[in-house]
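Coordinate inspection notes
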Amino acid sequence: MIASKGTTKISTGSVIRIILLIFAALLAWRLREIILLLIVSIVIASFVEAGVRAVERLGLKRIVAVPIIFTVVIGALLMVFYAFVPILFRELSSVIVLLSKYLPSAAPVTSEGVQGATQLVSSLAHQSSLSGLLSGIQSATSVLSQGATSVIGSTFGGLLNIILVVVMSFYLSIQEHGIDAFLRILTPAKDEKYVVDLWARTQRKIGLWFKGQLLLGLIVGAITIVVLVLLGMQYAFLIGLVSGIAELIPFGILFAAVIAILLAVINGGVILAIKVLIFYVILHEIESYILSPVISKRVVGIPPLVVLLAFLIGITLAGFWGALIAMPVAVFVLEYLSDIEKQKLVPVTDVIPK
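Values in this document were obtained by computation on a predicted structure and should not be read as measured data.

Observations regarding the overall build of the protein chain
Looking only at helices and strands, the protein chain has 13 helices and two strands in total. Sorting the 354 residues of the protein chain into buried and exposed places 32% on the buried side. Sequence-distant contacts in the protein chain: of pairs separated by 6 or more residues, those separated by 24 or more amount to 68%. Accessible surface, the protein chain: about 21,900 Å² in total, of which carbon and sulfur atoms supply 73%.

Put into structure tokens, the structure is as follows:
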């Protein structure tokens, strides 16, 4: 861009750069789903990398460690699916039936749809023969068409996307420094070293945060299920699962408590609701003064407001996948802004008179 005597001339090179920038933005928008899956794959591969380093200390090479980790994780997920998902869907179906009179007639999730999903999940988990499995799927298909299929599909992004994420994350993990190499491809040569170091710091912070929150969620969820069962509360498994997941979000336990108390009032009366309220007050105190300080003592601080906003923005923009990458992206941005702030402070401290 050239300025002369009050006039401004735009060079051909500037016009070309603006056009290329607009084209790149449009292309990124059209390919946003693929870009999102790539980011998810990088995040998953980063978590796998921590496991690979642990397995390698046992003397196994990467080419053996990565398949072992993926096999163990997928096997564990299948076991959870087989053991707990039918229970979850049955309780969720019962809750929606219980609350159906409070739901609007145009609600996207209906009791019939969830019952159809329950039939399908139970068939997938418990049918031992192919003919029985096909029969269970056929019997559930007509009910699932009422809306549960679209809900499940929109939540998890489709089976194909899940397969693509697993394949891409496996490919990035099986290569030595696969994530670093991929980041170098996307980064200008002069910034390669910084971007790789920035992601390494992000990966470390997210790893510590996630391990602490996961352990905390498992403990809180297990305690909730056991206590609610002893109190005679229905839907104890569903409420315990909600309480465990809510630990990933600041003040999420309060949200879980409201749900539990509401169900207790509807299903068991005021006395049961008071017992549930007392339990959650005690649980909150235990979590705040015993569990969190012990479990999270190694975790470097991530502001609770950042966690909450990251999850809300991620879910709003990209649903399930957005929630999955919300924290890594947020911490990556925080680390980058922190670096910018440090660079701004250097000249200021240098010019302070002695």
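Things to note about the environment of Leu 262
Tracing the backbone shows Leu 262 in helix α11 (residues 252-268). Along the chain, Leu 262 and Val 276 lie 14 residues apart, while their C-alpha atoms are 9.8 Å from each other.

Focus on the nonpolar core
Counting residues in each nonpolar core, the largest one holds 22 residues, and the members touching the most others are Leu 228, Met 233, Ile 239, Val 276 and Tyr 280. Those elements giving two or more residues to this core turn out to be α9 (192-230), α10 (236-246), α11 and α12 (270-295). Top element by residues in this core is α12. It accounts for seven residues. Every residue in contact with Tyr 280, bar those within four places of it in the chain, is listed here: Thr 224, Ile 239, Ser 243, Ile 253, Ala 256, Ala 257 and Ala 260.

Some points on the confidence of the model for the protein chain
For any part of a model where pLDDT is low, the fine detail of the predicted coordinates should not be relied upon. Residue-level pLDDT values for the protein chain average 74, and 71% of them are 70 or greater. Predicted confidence in the protein chain is weakest over helix α6 (residues 148-156), with a mean pLDDT of 46, and strongest over α10, with 86. Counting contacts from residues 140-157, a segment whose pLDDT is below 50, to residues more than four positions away or on other chains yields 25 contacts. This model gives residues 346-354 a pLDDT under 50, and the stretch forms zero contacts once residues within four places in sequence are excluded.

Some thoughts on the packing of aromatic side chains
Counted under the stated rule, the structure contains four aromatic pairs. Seen from their ring centres, Phe 279 and Tyr 280 are 5.1 Å apart, and the 70 degrees between their planes marks the pair as edge-to-face. Residue Phe 279 shares its accessibility class with Tyr 280, and that shared class is buried.

So, helix α8 (residues 178-186)
The complete set of buried residues in α8 reads Gly 178, Ile 179 and Leu 183. Looking straight down α8, one finds its buried side chains confined to an arc of 130 degrees; they lie on one side. Next to the buried residues of α8 lie α2 (32-56), α7 (159-174) and α9.

Regarding the side chain of Glu 247
Residue position: Glu 247 is located in the loop between α10 and α11. Not counting chain neighbours up to four residues away, the residues in contact with Glu 247 comprise Gln 213, Leu 216, Gly 217, Val 220, Ile 253 and Glu 287.

Observations concerning the pattern of salt bridges
A full pass over the atoms with the stated rule returns seven salt bridges. Where Arg 62 meets Glu 49, a salt bridge forms, and the shortest distance between an N and an O atom there is 2.7 Å. Highlighted residues: Arg 62 in helix α3 (residues 62-99) and Glu 49 in helix α2, separated in sequence by 13 residues. Residue class for Arg 62 comes out buried when judged on its relative accessible area of 7%.

Remarks on unusual backbone geometry
The phi torsion at Tyr 235 lies on the positive side, around 60 degrees, for a residue other than glycine. Residue position: Tyr 235 is located in the loop between α9 and α10.

So, a nonpolar patch on the surface
On the surface, Phe 23, Leu 27, Leu 31, Ile 34, Ile 35, Ile 39, Tyr 194, Val 329, Val 333, Leu 334, Tyr 336 and Leu 337 cluster together to form a nonpolar patch covering roughly 1,000 Å² of accessible area. Mapped by element, the contributors of at least two residues to the nonpolar patch are α1 (12-30), α2 and α13 (304-350). Top element by residues in the nonpolar patch is α13. It accounts for five residues. For Phe 23, the position within the fold is in helix α1.

So, the packing of α8 against α9
The N-to-C vectors of α8 and α9 enclose an angle of 135 degrees; their axes lie 9 Å apart at closest approach. Here α9 runs oblique to α8, going by the angle between their axes. α8 and α9 meet at a crossing whose hand is right-handed. Counting all contacts with α8, which are made through Ile 179, Asp 180, Leu 183 and Arg 184, the residues of α9 involved are Glu 192, Lys 193, Val 196 and Trp 199. Across the contact of α8 with α9, the residue classes tally to four nonpolar, no polar and four charged.

Details of the environment of Leu 214
Relative to the helices and strands, Leu 214 is located in helix α9. Exposure remark for Leu 214: the relative accessible area of 42% places this residue in the partly exposed category. Sequence separation of Leu 214 and Gly 244 is 30 residues, and the distance between their C-alpha atoms is 8.3 Å.

The rules behind these values
Residues numbered from 1 in each chain as written. Predicted model: local features only at pLDDT ≥ 70, side-chain atom pairs only at ≥ 80, totals over all residues. Heavy atoms only, no water. Helix = DSSP H or I, 4+ residues; strand = E, 2+ residues; numbered from the N terminus. Buried < 20%, exposed > 50% of the residue type's maximum accessible area, 1.4 Å probe, protein only. Contact = heavy atoms within 4.5 Å. Areas by Shrake-Rupley, 256 points an atom, 1.4 Å probe, with all protein chains shown as cover. Core = buried A, V, L, I, M, F, W, Y, C linked by side-chain atoms within 4.5 Å. pLDDT = per-residue confidence, 0-100. Phe/Tyr/Trp six-rings, centres within 6.5 Å; stacked < 30°, edge-to-face > 60°. Arc of directions from axis to C-beta. Salt bridge = Lys/Arg side-chain N within 4 Å of Asp/Glu carboxyl O. Patch = residues over 30% accessible without salt bridge, like charges linked within 9 Å, V, L, I, M, F, W, Y side chains within 5 Å. Axes fitted to C-alpha atoms, helices over the stretch in contact; angles between N-to-C directions. Parallel < 35°, antiparallel > 145°, perpendicular 65-115°, else oblique. Left-handed = near helix turned anticlockwise from the far one by under 90°. Nonpolar A, V, L, I, M, F, W, Y, C, P; charged D, E, K, R; others polar.

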